[in-house]
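Descriptive analysis of the structure
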Amino acid sequence: NDEPALFDTVNNILRKNLSLNDVRGKRILFKPNWVTHNQKPDDPICLCTHEKFIIAALKAILLLQPKSVLIADAPINLCDWDRLLSSEFLSSVDNLSSEYKIPITIQDFRRATFSREKNEVVENVRPIEDYIIFQVHSRKVSGFQIIHS
């Protein structure tokens, strides 16, 4: 629960691996691990990157002045996107976007989801034509995936 210490740790790791010139003016894809929502409010285990870590990392990235930030992942089909992210998290992201004057978008990358109302998988939520598929060189640094195009 020590958010300033968490920010300092994340910021120090990022600063060792990224400079202002690496990020300034660029569009950043921040891909947390969003697998599924909590099944009940007090779930001890959720298959997601903790929201406080995402906020700490987002603040560190915003200090490097990107053009924009897209936070996105493709959870499992059964994930209820509306229950995945807390209202406090969404509010924090909006506040950071306003404070730094940098657009931040949150997006669900799934191409198929599960409709509980219809009890069926809904295919092609986002058509493949909406995607550009390419391969990039990457290297892992201190738990962060650094991608160079």
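Reading the values: rules and limits
- Residues numbered from 1 in each chain as written.
- Predicted model: local features only at pLDDT ≥ 70, side-chain atom pairs only at ≥ 80, totals over all residues.
- Heavy atoms only, no water.
- Axes fitted to C-alpha atoms, helices over the stretch in contact; angles between N-to-C directions.
- Helix = DSSP H or I, 4+ residues; strand = E, 2+ residues; numbered from the N terminus.
- Parallel < 35°, antiparallel > 145°, perpendicular 65-115°, else oblique.
- Contact = heavy atoms within 4.5 Å.
- Nonpolar A, V, L, I, M, F, W, Y, C, P; charged D, E, K, R; others polar.
- Salt bridge = Lys/Arg side-chain N within 4 Å of Asp/Glu carboxyl O.
- Buried < 20%, exposed > 50% of the residue type's maximum accessible area, 1.4 Å probe, protein only.
- pLDDT = per-residue confidence, 0-100.
- Pairing = 2+ DSSP bridges.

Now for the packing of helix 3 (residues 51–62) against helix 5 (residues 87–100). Between helix 3 and helix 5, the shortest axis-to-axis distance is 11 Å and the interhelical angle comes to 10°. Put simply, helix 3 runs roughly parallel to helix 5. Note on element contacts: helix 5 touches helix 3 through Phe89, Ser92, Val93, Leu96 and Tyr100, opposite Glu51, Ile54, Ile55, Leu58, Lys59 and Leu62. Among the residues forming the contact of helix 3 with helix 5, the class breakdown is 8 nonpolar, 1 polar and 2 charged.

Time to look at the pattern of salt bridges. Within the structure shown, the criterion is met by 3 salt bridges. The closest approach of N and O atoms between glutamate 3 and lysine 52, which form a salt bridge, is 3.4 Å. Placement of glutamate 3 in helix 1 (residues 3–17) and of lysine 52 in helix 3 is noted, with a sequence separation of 49 residues between them. Taking relative accessible area as the criterion, glutamate 3 reaches 43% and is therefore assigned partly exposed.

Chain-level pLDDT for the protein is 84 on average; 83% of the residues reach the 70-or-more range. Per-element confidence in the protein ranges from a low mean pLDDT of 50 for strand 7 (residues 144–148) to a high of 97 for helix 5.

Okay, the sheet that holds strand 3 (residues 104–108) next. Here 3 strands make up an open sheet; going across it, the order is 1-2-3 and the pairing parallel. Sheet topology places strand 1 (27–30) and strand 3 at the edges, where each strand pairs with a single neighbour. With strand direction ignored, the average angle separating the axes of adjacent strands in the sheet is 20°. Bridging between strand 2 (residues 68–73) and strand 3 involves 5 bridges; their strand directions are parallel. Its bridge partner lying in strand 3, leucine 70 is registered against threonine 105. Most of the contacts of helix 3 go to strand 1, to which it runs at about 165°, and overall it touches strand 1, strand 2 and strand 3. Packed on one face of the sheet, helix 5 meets strand 2 and strand 3 and runs near 145° to strand 3.

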